[in-house]
Each structure stands twice: as C-alpha cells, then as structure tokens.
Amino acid sequence: DKEYEIRKELNALSEKYYNSTFGSYEMEFEGKKYTLEDLEKIPKEDYKTQLARYISESCDELSEIFIEIAKKRTELSKEAGYENYVDDAYTEEYP
C-alpha cells in the first residue's frame, strides 16, 4: 500500500543520511581529492578557505537528504490523516 511504500522510501533516506558522515565527504582541490582529515596536508595559506568550502559542500549534501526526509515524513503523516508531520509527531509523543 501507499503507506508501506512511503515508509520504505523514508527508511532508505534515513539510512543514507545516517551513513553519510561529515568527515568522509571528498572535495577536489588542485586536481586532488581531499577528505576532512586530508585538508591538513594542503598549504596553510589555503587551509581556512578550503576548510570553509569543505564544510559548506558536505553540509549541502546532507541538507538535501534531510529535506527529502522531511517531505516523506509529511507525506506519511498526511496519509495517516494528519495535516503535517508536527501534528503527527505531537500526537505520538503526547497521546
């Protein structure tokens, strides 16, 4: 049914979000791939700029997944008869 399919999609997104670790993101700088740990190897004059870029890019990726999770939670809540996820979560927490 539709609720099952939404839950299945939500679980896949949640797994992707929780398995995505901030430090494993790779960005390219001067033709090489760098993780957060690798950034320590670049010249000091480039470090702060590239660290800021790393944070921005890796968080953008996680933000996209989180937005999709929020959309699926809202869709699931509407399927259950609630106006939105907040109403559904509140009812679950404070019956």
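Look up: the structure comes first, before these words.
## Points about the overall build of the chain
Right, so step 1: Of regular secondary structure, the chain possesses three helices and two strands.
Right, so step 2: Going residue by residue from the N terminus, the α and β elements of the chain occur as α-β-β-α-α.
Right, so step 3: Considered along the principal axes of its C-alpha atoms, the chain spans approximately 55 × 25 × 15 Å.
Right, so step 4: Counting all 95 residues of the chain, 22% fall into the buried class.
Right, so step 5: When the accessible surface of the chain is totalled, it reaches about 7200 Å², and 49% of it is carbon and sulfur.
Right, so step 6: One finds the centroid of the 14 positive side-chain charges in the chain at a distance of 4 Å from the centroid of its 25 negative side-chain charges.

## Considerations on the packing of aromatic side chains
Right, so step 1: Inspection of the entire model under this criterion finds three aromatic pairs.
Right, so step 2: Seen from their ring centres, Tyr17 and Phe66 are 5.9 Å apart, and the 50° between their planes marks the pair as tilted. Here the residue Tyr17 occupies a position in helix α1 (residues 2–19), and Phe66 occupies one in helix α2 (residues 44–79), the gap between them amounting to 49 residues.
Right, so step 3: Exposure remark for Tyr17: the relative accessible area of 26% places this residue in the partly exposed category.

## As for unusual backbone geometry
Right, so step 1: For Glu30, which is not a glycine, the phi torsion comes out positive at approximately 50°.
Right, so step 2: Relative to the elements of secondary structure, Glu30 occurs in the loop between β1 (27–29) and β2 (32–34).
Right, so step 3: Its relative accessible area of 64% is what places Glu30 among the exposed residues.

Thresholds applied
- Per chain, residues are indexed from 1 in the order of the written sequence.
- In view of the model being predicted, local features appear only for residues whose pLDDT reaches at least 70, and side-chain atom pairs are presented and counted only at 80 or more, with totals across whole chains, interfaces and linings using the full set of residues.
- Note: side-chain values were computed over all heavy atoms of the structure, leaving out hydrogens and water.
- Only runs of H or I of at least four residues qualify as helices and only runs of E of at least two qualify as strands under DSSP, and these elements are numbered from the N terminus.
- For each residue, the accessible area found with a 1.4 Å probe, counting protein chains only, is set against the maximum for its type, and the residue is called buried under 20%, exposed over 50%, and partly exposed in between.
- Residue burial considers only the protein chains on display, and all accessible areas are found by Shrake-Rupley using a 1.4 Å probe.
- Positive charge is attributed to Lys and Arg, negative charge to Asp and Glu, and no charge count is given to His or to the chain ends.
- Where a charge lies is defined by one atom per residue type: Lys uses NZ, Arg uses CZ, Asp uses CG and Glu uses CD.
- We call Phe, Tyr and Trp rings a pair once their centres come within 6.5 Å, taking the six-membered ring for Trp, and we label the pair stacked below 30 degrees between planes, edge-to-face above 60, and tilted otherwise.

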